[in-house]
Every structure is written in structure tokens, then in C-alpha cells.
Amino acid sequence: MLHEKAPAKINLTLDVLGKRPDGYHEVEMIMTTVDLADRLSIRPSEDGKIHILSSDRYVPDDRRNLVWQAADLLRKKAGIRSGVMFTLDKRIPVAAGLAGGSSDAAAALRGLNRLWNLGLSLDELAEIGAEIGSDIPFCVFGGTSIATGRGEKLRHLPAPPNCWVILAKPAIGVSTADAYGRLNLKTMEHPATAAMEAALKAGDYEAMCRSVGNVLEPATMGMHPEVAMLKDGMKRFGADAVLMSGSGPTVYGLVSSEARVARIVNGLRGFCPEVHAVRMLGEIPLA
Ligand SMILES: C[C@@](CO)(OP(=O)(O)O)[C@H](O)COP(=O)(O)OP(=O)(O)OC[C@H]1O[C@@H](n2ccc(N)nc2=O)[C@H](O)[C@@H]1O
Ligand SMILES: Nc1ncnc2c1ncn2[C@@H]1O[C@H](COP(=O)(O)OP(=O)(O)O)[C@@H](O)[C@H]1O
């Protein structure tokens, strides 16, 4: 039996540069992994099939699961016929903008590479993952990167300055396609991606806080006003910077002092069902 950790990501920035002929959007976004992770256990199965046992009843246990798709594709590419049994301990909120499913799929690729002794590089696993979802290549590596293309082209960046990340997810799920679909390419305000990259390179916490931005925020807030309310609450309780992650609806707050974390978490628990205080993972957290 093998074990892989599948950490969530947050978007420090998310910009859209235009619409592509294939229907996807050309993005430029800085993402980093945080210490909230699903656990994936992997063992061979005798019947030649792919099985998934999930702790979360809202997560599909069949071919709709990104773990199933990753295993199926890797089997085809590597010419493998063996079956596999995954046990998925879900801790990352689902359909939340935290790339939970993508990270599970990336963990499946890393784990099966070991189980089947395929000897593939992370670059090769990322390329296979990109056929299933745009966020999977980032999740194969973890750490901190700037992603371009539809999200699959990666350049590694230094880890963010040490701080707490408070994640708050309202009880709604957002479809990523709907958030992109509602984007107004003409009126959107672009985030300061270059300033964020400079802040990470300088290890400057205040500059990082000033540079967060996400063009999908107004699109998702238009469908779900709860997201704007949560952002206001998080600011009022004292977070240094507040942003929606990915297509949402999770809102995160950055906090430098541990003393303020409990106050913000307790304040938010009054009106948000799911709140987590976690650390940035810093460097690449694999295996
Ligand atoms: C918004 C982001 C930011 O990290 O993440 P989440 O909110 O899902 O965590 C990603 O761009 C989501 O990546 P991912 O969830 O892998 O998306 P995919 O499965 O590839 O695509 C789902 C749908 O989103 C839209 N899509 C996705 C990526 C992209 N660059 N342009 C798009 O327009 C398309 O409508 C596509 O059909
Ligand atoms: N392993 C998985 N974990 C969570 N959701 C999954 C998984 N595989 C497929 N899904 C489906 O993908 C959708 C998006 O889930 P998720 O990856 O958690 O969100 P996001 O793309 O917002 O980060 C969900 O509606 C869910 O049904």
C-alpha cells in the first residue's frame, strides 16, 4: 500500500489575458500549496479494474472522479492492465476553488508511477495530467508557481513569506466553467502579477498582501453574494489581505500574527460552516 498527500492550492493572483480558439481562457496566475490535504492510499486490485472508496459522499466514486480518469489514462499510456484500489480521505472542500480534485488526480499519477515502477519524470506526469484538467500539472509539482497557457505551463517561484492562511468556504459550490463564462473581458481589473512575483522574490509579506487579485471574483460574486459578505467579514475581523481562490467560492485571508488567527476563525464560524486555519506549505511537499 502506498500513500500520497494531495494538498490544496490557493491563487495569490488569477488573471485572464483573453479567450482562446479552443474555448478555454489564456490565464496568468500565481498559485501556492497550503497545508490542507486529502490523503490517497493506493494498492493493487486483483480484478483489473479501477476502484475508488471515498470518505465524502458528494465525491463520485466512478469514472467522473479525476482520480479514476488519471489512473485510466496512465494505464493506457503505459500499456498496463493491472487494477488498482484507491482510498480517498477527503479533507479539502469540494468544488471550492482549492483544486481538490486536481490534486487528488496528481497524487494518483505520482503514486501509480511508484506502484507500477514506470520511472516517469514529474514533467511527464504533468503532461499526462494536463489532458484531464488545467490545474493538474501545477498539482503534480506543488510548491509555488506562475501558471500560463490554460494553466498547464509552469515556472517555479520562491515560497511565499511565512504566514497563516484562513480558508472559509460558504455552503455553495461553484462551477468553474460558469465563473469563466461570466467574465467580462473588457471591464475586468487585472491583478498586479509582476508585483506579486517581485514580492515573492523579495520575501516581502506586506507587498504580497498588497498584490493579491483575482479577475474571477466579480464573476462568482455576481452569482453568489455570500462571497462578498465573507470577504467583508474576514477584513473586519483583521486579516491582512483577503481574496477569493480560483473560481471560488472559498475566500482566504492572510494573517502574519498567530494571535489574530483565533479571533478571525471564531468570528467567521458564526456565519460560515467551513473554516480552516492552515500554513503555506512553502517548498515542494511531495510524497
Ligand atoms: C479557476 C482555476 C484556477 O486555478 O481553478 P479552480 O477554481 O477550479 O480551483 C482553474 O483555471 C480551473 O482549472 P480546472 O478546474 O483544472 O479546469 P478544467 O477542468 O481544465 O476546465 C473546466 C472548465 O473551466 C473553463 N476554463 C478552465 C481553464 C481555463 N484556462 N480556461 C477556461 O475557460 C472551461 O470552461 C473548462 O471547460
Ligand atoms: N477527487 C475528486 N475530489 C473532488 N471532486 C471531484 C473529484 N473528482 C471529480 N470531482 C468533481 O469535480 C468537481 C470540482 O471539484 P474540485 O476539484 O473539488 O473543485 P475546484 O475545481 O473548484 O477546485 C466536483 O463537482 C466533483 O464532482
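Residues numbered from 1 in each chain as written. Chains lettered and ligands numbered in written order. Predicted model: local features only at pLDDT ≥ 70, side-chain atom pairs only at ≥ 80, totals over all residues. Heavy atoms only, no water.

Q: How should the nonpolar core be read in this particular structure?
A: Of all hydrophobic cores here, the largest spans 62 residues; its most connected members are Phe86, Ile166 and Met234. Two domains share this core, each providing at least three of its residues, namely domain 1 (2-156) and domain 2 (164-279). The contact partners of Ile166, leaving out residues within four places of it in the chain, are Met234, Val251, Tyr252, Gly253, Val255, Val261, Ile264, Val265, Leu268, Val275, His276 and Ala277. (Core = buried A, V, L, I, M, F, W, Y, C linked by side-chain atoms within 4.5 Å. Buried < 20%, exposed > 50% of the residue type's maximum accessible area, 1.4 Å probe, protein only. Domains from an automatic or database assignment. Contact = heavy atoms within 4.5 Å.)

Q: It is not clear to me how the site of ligand 2 should be interpreted in this structure. Could you clarify?
A: Surrounding ligand 2, one finds 17 residues, the nearest of these being Leu66, Lys90, Gly97, Ala99 and Gly101. The contact in question runs from an oxygen atom of ligand 2 to an N or O atom on the backbone of Ala95, over 2.9 Å. Between Gly97 and ligand 2, the recorded distance is 2.9 Å, taken from a backbone N or O atom to an oxygen atom. Burial of ligand 2 by the surrounding chains reaches 78%, relative to a free accessible area of 540 Å². Counting residues per element, the shell around ligand 2 draws most heavily on helix 2 (residues 100-115), at three residues. Broken down by class, the residue content of the shell around ligand 2 amounts to nine nonpolar, five polar and three charged. (Near = heavy atom within 4 Å. Polar contact = N/O pair within 3.5 Å; in protein donor to acceptor, adjacent residues only side chain to side chain. Areas by Shrake-Rupley, 256 points an atom, 1.4 Å probe, with all protein chains shown as cover. Helix = DSSP H or I, 4+ residues; strand = E, 2+ residues; numbered from the N terminus. Nonpolar A, V, L, I, M, F, W, Y, C, P; charged D, E, K, R; others polar.)

Q: Could you clarify how one ought to interpret the site of ligand 1 in this entry?
A: His25, Ser134, Asp135, Tyr180 and Ser247 are the nearest of the 22 residues found near ligand 1. Within the side chain of Thr176, a nitrogen or oxygen atom sits 3.1 Å from an oxygen atom of ligand 1. Protein contacts shield 82% of the accessible area of ligand 1, which totals 700 Å² for the unbound molecule. Taken together, the elements giving at least two residues each to the shell around ligand 1 come down to strand 1 (2-19), strand 2 (25-45) and helix 5 (176-181). Residues belonging to the shell around ligand 1 are distributed by class as follows: 10 nonpolar, nine polar and three charged. Of the residues that make up the shell around ligand 1, three or more belong to each of domain 1 (2-156) and domain 2 (164-279).

Q: I'm lost on unusual backbone geometry in this one. Help?
A: Peptide bonds are, in most cases, trans, and in most cases residues other than glycine have a negative phi. Omega for the bond connecting Gly248 with Pro249 falls within 30 degrees of zero, at 5°, which places this linkage in the cis form. Relative to the helices and strands, Pro249 resides in the loop between strand 9 (241-244) and strand 10 (251-255). Despite not being glycine, Ala95 shows a phi value in the positive range, around 50°. Structurally, the position occupied by Ala95 is in the loop between strand 4 (83-89) and helix 2.

Q: Is there a simple way to think about the domain arrangement of the protein in this case?
A: It is common to give the size of an interface as the accessible area that goes away when the parts come together. When the domains of the protein are assigned, the result is domain 1 (2-156) and domain 2 (164-279). For domain 1 and domain 2, the distance between their C-alpha centres works out to 23 Å. Contacts between the two partners involve 26 residues from domain 1, matched on the other side by 35 residues from domain 2. In total, domain 1 and domain 2 occlude about 2300 Å² of area from one another, counting both sides; carbon and sulfur atoms represent 65% of this. When residues of domain 1 are sorted by the area they lose upon contact with domain 2, Leu12, Leu14 and Val16 head the list and together hold 24% of the total. Counting every contact that joins domain 1 to domain 2 gives one salt bridge. A salt bridge links Glu197 to Arg155; the nearest nitrogen and oxygen atoms lie 2.9 Å apart. The interface formed by domain 1 and domain 2 holds 13 residue pairs in polar contact (both at pLDDT 80 or more) in total. Elements with a contribution of two residues or more to the side of domain 1 that touches domain 2: strand 1, strand 2 and strand 5 (144-148). Tallying contributions element by element places strand 1 first for the side of domain 1 that touches domain 2, with nine residues. (Buried area = accessible area lost by both parts, 1.4 Å probe. Salt bridge = Lys/Arg side-chain N within 4 Å of Asp/Glu carboxyl O.)

Q: Please clarify how the side chain of Asn11 should be interpreted in this entry.
A: Positionally, Asn11 belongs in strand 1. Relative accessible area serves as the criterion here: at 1%, Asn11 is assigned to the buried category. One polar contact links the side chain of Asn11 to the main-chain amide nitrogen of Gly246, over a distance of 3.0 Å. If near-sequence neighbours (up to four positions away) are discounted, Asn11 is found in contact with Met29, Ile30, Met31, Gly97, Leu243, Ser245, Gly246 and Tyr252.

Q: Got a minute to help me understand the UniProt feature "active site" (unreviewed entry) in the protein in this structure?
A: Within this numbering scheme, the UniProt entry marks Lys9 and Asp135 as carrying the feature "active site" (unreviewed entry). The named residues occupy 127 residues along the chain; their greatest pairwise C-alpha distance, 9.6 Å, places them in one compact cluster. Not counting residues up to four positions away in its chain, the partners in contact with Lys9 are Met31, Thr32, Thr33, Gly97, Leu98, Ala99, Asp135, Phe138, Ser245 and Gly246. At a separation of 3.1 Å, a polar atom in the side chain of Lys9 contacts the main-chain carbonyl oxygen of Gly97. Within the fold, Asp135 resides in the loop between helix 3 (122-130) and helix 4 (136-141). Aside from chain neighbours lying at most four places away, what touches Asp135 is Lys9, Met29, Met31, Ala99 and Ser102. (UniProt positions renumbered as here; feature names shortened; annotations may be inferred.)

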